[in-house]
Amino acid sequence: QVQLVESGGGWVQPGGSLRLSCAASGFTFSTAAMSWYRQRPGQVREFVASSFNGGRSTNYENSVKGRFTISRDNASNTVYLQMNSLPFEAAAVYYCNAHPLRDHAYWGQGPQVIVSS
């Protein structure tokens, strides 16, 4: 049974930082593509960042490049999203996504990130 347990959401002032975590279980984490998506109010869910090839490769949505960093610890089956210099428009529900080999994708519950002064 696949489980994705996210943590680290909350309130932050503009320009601040937050780190999201997603602890995974129920599949072979080291070979899975792990990603973060977000859904802003009134908008569709959008891609933020992904880590694949065991963490050797990453990909980012253009607007977060240089400010967000995706990383993973294959020993603890955890993927992280470090978010720095957060602007107001980064406020969203952030979803962890796991795509194990030869399986469909799974979603976490989505911690909310609030960016407000």
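As a starting point, this report considers the structure included with it. (Residues numbered from 1 in each chain as written. Predicted model: local features only at pLDDT ≥ 70, side-chain atom pairs only at ≥ 80, totals over all residues. Heavy atoms only, no water.)

Focus: the pairing of strand β4 (residues 33-39)
In the case of a regular strand, side chains alternate between the two sheet surfaces.
Here is step 1: Across 7 bridges, the pairing between β4 and strand β9 (residues 92-99) is antiparallel. Across the sheet, residue Gln 39 finds its bridge partner in β9, namely Val 93.
Here is step 2: Sheet topology places β4 next to strand β5 (residues 46-52); 5 bridges connect them, and they run antiparallel. The partner of Ser 35 across the bridge, within β5, is Ser 50.
Here is step 3: With antiparallel pairing between neighbouring strands as the criterion, β4 and β5 make up a hairpin whose turn holds 6 residues, including Gly 42 at a positive phi of roughly 75°. (Pairing = 2+ DSSP bridges. Helix = DSSP H or I, 4+ residues; strand = E, 2+ residues; numbered from the N terminus.)

A look at the state of the cysteines
Throughout this description, disulfide means a covalent bond between two cysteine sulfur atoms.
Here is step 1: Under the definition given, this model contains 1 disulfide.
Here is step 2: Shown here is the disulfide that connects Cys 22 with Cys 96, its sulfur atoms set 2.2 Å apart. The S-S bond linking Cys 22 to Cys 96 shows a torsion near -80°; that makes this disulfide left-handed. Separated by 74 residues along the polypeptide, Cys 22 in strand β3 (residues 18-25) and Cys 96 in strand β9 bring together distant segments of the chain.
Here is step 3: Taking the relative accessible area as the measure of exposure, Cys 22 reaches 0% and is therefore buried.
Here is step 4: For Cys 96, a relative accessible area of 0% corresponds to the buried category. (Disulfide = S-S within 2.5 Å. Buried < 20%, exposed > 50% of the residue type's maximum accessible area, 1.4 Å probe, protein only.)

Examining the sheet that holds strand β7 (residues 68-73)
Adjacent strands of a sheet pair through backbone hydrogen bonds, lying either parallel or antiparallel.
Here is step 1: Sheet architecture is open: 4 strands sit in the order β1-β3-β8-β7, paired in antiparallel fashion. The sheet is open, and its two edges are formed by β1 (3-7) and β7, each paired on a single side. In this sheet, adjacent strand axes meet at a mean angle of 15° when their direction is disregarded.
Here is step 2: Alignment of β1 against β3, held across 5 bridges, turns out to be antiparallel. Directly across from Leu 4, in β3, lies its bridge partner Ala 24. (Axes fitted to C-alpha atoms, helices over the stretch in contact; angles between N-to-C directions.)

Topic: the pattern of salt bridges
Where side chains of opposite charge bring their charged atoms close, a pairing between them can arise.
Here is step 1: Under the defined criterion, the tally for this structure stands at 2 salt bridges.
Here is step 2: Residues Glu 46 and Arg 38 are paired through a salt bridge, measuring 2.7 Å at the closest nitrogen-oxygen approach.
Here is step 3: Arg 40 is paired through a salt bridge with Glu 46; the nearest N and O atoms lie 2.7 Å apart.
Here is step 4: Looking at Arg 40, the relative accessible area reads 18%, which means it is buried.
Here is step 5: Judged by its relative accessible area of 22%, Glu 46 falls in the partly exposed class.
Here is step 6: What emerges from the salt-bridge pattern is a single network uniting Arg 38, Arg 40 and Glu 46. (Salt bridge = Lys/Arg side-chain N within 4 Å of Asp/Glu carboxyl O.)

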